[in-house]
Amino acid sequence: MYNGEGVNHYDGQIASIFPITSVEVKAFFHGILYYTIFFLLCTGFLPLLVPIFNIKSYEEKDRKFIFFLILSTVFTIIEVAFIVFVPEERGRVFPDKFCYRYLAVLTVPYVIMFLKCKKEEIKITKTMIIIYIISFIYLLSYYMWRGASTTAIDAGMLFAIQSTCNIKLGRKFGVRSNDTCKFSIIRYYNT
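Read on for a plain summary of the structure. Computed from a predicted model, the values in this text were never measured in an experiment.

When helices and strands are tallied, the protein shows 8 helices and 2 strands. Across the protein, helices and strands are ordered from the amino to the carboxyl terminus as α-α-α-α-β-α-α-β-α-α. The 191 residues of the protein split such that 35% are buried. A separation of at least 24 residues holds for 79% of the contacts in the protein among residues at least 6 apart in sequence. Of the roughly 12300 Å² of accessible surface on the protein, a fraction of 67% belongs to carbon and sulfur atoms.

Structure (structure tokens):
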């Protein structure tokens, strides 16, 4: 109804979840783990972990904002795991892609909070190291069994750049759509 003609892609996905069986429940918890670990990877670990584990070193106003970020991250991951991951990746142990676009909006506030923490107040705790090691093992096993050539990290900003290069520059300078953006730019500057 609010999406122009009353059609929403996610309506059909939500309907396909039901009836909920053990497969959907297992996929839901795997989706939470999957999105948490890949969000850590895409954020770079420290911008996400330092504000969370060093929250006491921040001012009260910043602590409230970090708590809001944590809640936003948790609820967004739960929502994406249920609405996107379960219908699309249901029974797969190693999913096709990580849709970073759903969590990308949270990255900049985490980086800002990370930069607000003073260098001497940053403490790398054992818990942070354990989270890093577990994430690293998960990612290593993911890429070993899934294969790096079949896995995609969906980054909305990169897609915008790629489509701009392929569509806009490609049409203007006669570059085929399967040519890379790099060649489009080189041809542009050589003409």
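Back to the text.
So, on to the nonpolar core. Judged by nonpolar contacts, the single largest core of 32 residues is most densely connected at Tyr34, Tyr35, Phe38, Phe39, Phe98 and Leu103. At the level of elements, helix H2 (22–43), helix H3 (46–53), helix H4 (60–89), strand S1 (97–99), helix H5 (107–116) and helix H6 (126–146) are the ones that each hand at least two residues to this core. Among the elements that take part in this core, H4 stands out by supplying 7 residues, more than any other. The contact partners of leucine 103, leaving out residues within four places of it in the chain, are Tyr35, Phe39, Thr76, Ile77 and Phe98. Among the nonpolar cores identified, the runner-up in size contains 5 residues, and Ile17, Ala27, Ala81 and Val86 belong to it.

Taken as a whole and judged by the stated rule, the model has 10 aromatic pairs. Ring centres 5.7 Å apart and planes at 80 degrees place the aromatic pair tyrosine 34 and tyrosine 35 in the edge-to-face group.

Right, let's get into the pattern of salt bridges. Taken as a whole and judged by the stated rule, the model has 2 salt bridges. Its salt-bridge partner being glutamate 60, residue arginine 63 comes within 2.7 Å of it at the nearest N-O pair. Of this pair, arginine 63 and glutamate 60 both sit in helix H4, separated by 3 residues, roughly a single helical turn. Of the charged contacts, one joins lysine 116 and aspartate 62 as a salt bridge, the two residues approaching to 3.0 Å between their closest N and O atoms. One end of the pair, lysine 116, is in helix H5; the other, aspartate 62, is in helix H4, and 54 residues separate them in sequence. For aspartate 62, a relative accessible area of 7% puts it in the buried group.

Vacant regions in the atomic arrangement are exposed by a probe of water-molecule size rolled over the atoms. The computed volume of the largest pocket comes to approximately 230 Å³. Thr36, Leu48, Ile52, Thr73 and Ile77 are, among the 15 residues lining the largest pocket, the residues nearest its centre. At the level of elements, H2, H3 and H4 are the ones that each hand at least two residues to the lining of the largest pocket. Tallying contributions element by element places H4 first for the lining of the largest pocket, with 5 residues. Residue composition of the lining of the largest pocket, grouped by class: 13 nonpolar, 2 polar and no charged.

What counts, and where the lines are drawn
- Residues numbered from 1 in each chain as written.
- Predicted model: local features only at pLDDT ≥ 70, side-chain atom pairs only at ≥ 80, totals over all residues.
- Heavy atoms only, no water.
- Helix = DSSP H or I, 4+ residues; strand = E, 2+ residues; numbered from the N terminus.
- Buried < 20%, exposed > 50% of the residue type's maximum accessible area, 1.4 Å probe, protein only.
- Contact = heavy atoms within 4.5 Å.
- Areas by Shrake-Rupley, 256 points an atom, 1.4 Å probe, with all protein chains shown as cover.
- Core = buried A, V, L, I, M, F, W, Y, C linked by side-chain atoms within 4.5 Å.
- Phe/Tyr/Trp six-rings, centres within 6.5 Å; stacked < 30°, edge-to-face > 60°.
- Salt bridge = Lys/Arg side-chain N within 4 Å of Asp/Glu carboxyl O.
- 1 Å grid on protein atoms, 1.4 Å probe; cavity = no way out; pocket = protein on both sides within 12 Å on 5 of 7 lines; lining within 4 Å.
- Points joined across faces, edges and corners; volume = space filled by probe spheres on them.
- Nonpolar A, V, L, I, M, F, W, Y, C, P; charged D, E, K, R; others polar.

Read these as spatial facts, not as claims about activity.
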